[in-house]
Amino acid sequence: MRLMIASDLHGSDTHSAKLIGAFEREAPERLILLGDLLYHGPRNDLPEGYDPRKVFERLNLLAGRLLAVRGNCDSEVDQMVLDFPIMADYALVYHAGREIFLTHGHLLGPDNPPQLRPGDALISGHTHVPTWDERVGIWYLNPGSVSLPKQDTPHGYMVLDDAGFTWKTLDGAPYHALALS
């Protein structure tokens, strides 16, 4: 199984187009979106190429290949224009005997985690900072942000495959890897 995981598009058509280009290059089974898809939020500057209409039109073309959870900037009005569900607070995926808990990070996250077992992973967005942290045998991972990265991190995403997790820039250049043992 090969999955691509991204978060925090915040309505940027510029960076969403690059993400979709990366999705086509990576050819995963699914693209998992960890929320904050269309709106930039009151604490963020407008991202480059802010155009939520174009973003939802692009995403709707991939609706059958997307799995998404709700971010703190997503709302029912966003769901009205999207052809795939975004209102769940979390989703679960199982990979290589591990439970992978997917959420945006504003309700559940490293400081308020769900119940997980050693070897499992919590993947969330929200902070806009790529993260790979292990605590008591549980992995806390964050792909960073597609459109508004923070702390001088790249615009990027993660890939999960049989080898583990790889963090990449939107151009596809890997910058960190975490092997699953």
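Each remark here, short or long, concerns the structure printed above.
None of these values were measured; they are calculated from a predicted model.

A. Examining the pairing of strand 5 (residues 98-103) more closely. Burial runs high along strand 5: six of the six residues are buried. Neither face of strand 5 is exposed, since Arg-98, Ile-100 and Leu-102 on one face and Glu-99, Phe-101 and Thr-103 on the opposite face are all buried. Of the strand pairs in this sheet, strand 4 (residues 90-95) and strand 5 are connected by six bridges, and their pairing is antiparallel. Within strand 5, the position partnered with His-95 by the bridge is Arg-98. In textbook terms, the turn of a hairpin is the stretch between consecutive antiparallel strands, and for strand 4 and strand 5 this stretch comprises two residues, one of which, Ala-96, has a positive phi near 50°.

B. Structural detail: helix 1 (residues 13-26). The end-to-end C-alpha distance of helix 1, which contains 14 residues, comes to 19 Å, matching closely the 20 Å that a straight helix rising 1.5 Å per residue would cover. When we look at burial in helix 1, the residues that qualify are Asp-13, His-15, Ser-16, Leu-19, Ile-20, Ala-22, Phe-23 and Glu-26. Tucked inside the fold, the buried residues of helix 1 contact strand 1 (3-6), strand 2 (30-33), helix 2 (52-60), strand 9 (156-161) and strand 10 (164-169). Following helix 1 by one or two positions, Ala-27 has its phi on the positive side, about 50°.

C. Highlighting the side chain of Ser-16. Mapping Ser-16 onto the fold places it in helix 1. Once residues lying within four places of it in the same chain are set aside, the contact partners of Ser-16 are Leu-9, Val-55 and Val-146.

D. Structural view of helix 2. Listed in full, the buried residues belonging to helix 2 are Val-55, Phe-56, Leu-59 and Asn-60. Angular distribution of buried residues about the axis of helix 2 spans 130°; they occupy a single face of the element. Looking at the buried residues of helix 2, the elements they touch are helix 1, strand 2 and strand 3 (66-68).

What counts as what
- Numbering of residues begins from 1 in every chain and follows the order in which that chain's sequence is written.
- With pLDDT at 70 or above as the cut-off, local features in this predicted model cover only qualifying residues; side-chain atom pairs require 80 or more to be listed or tallied, and sums for whole chains, interfaces and linings still use all residues.
- Computation of side-chain values covers all heavy atoms of the structure but excludes hydrogens and water.
- The buried label goes to any residue with under 20% of its type's maximum accessible area, the exposed label to any with over 50%, and the partly exposed label to all in between, with areas taken from a 1.4 Å probe on protein chains only.
- Every helix listed is a DSSP run of H or I at least four residues long, and every strand listed is a run of E at least two residues long, numbered separately from the N terminus.
- In this scheme, strands are said to pair when DSSP sees at least two bridges between them.
- Expected helix span is computed as 1.5 Å times (number of residues minus one).
- Throughout, a contact is declared for two residues whenever any of their heavy atoms are within 4.5 Å.
- Working note: the arc is built from the helix axis to C-beta atom directions.

So, to be careful, I would describe these as geometric facts and stop short of saying anything about function.
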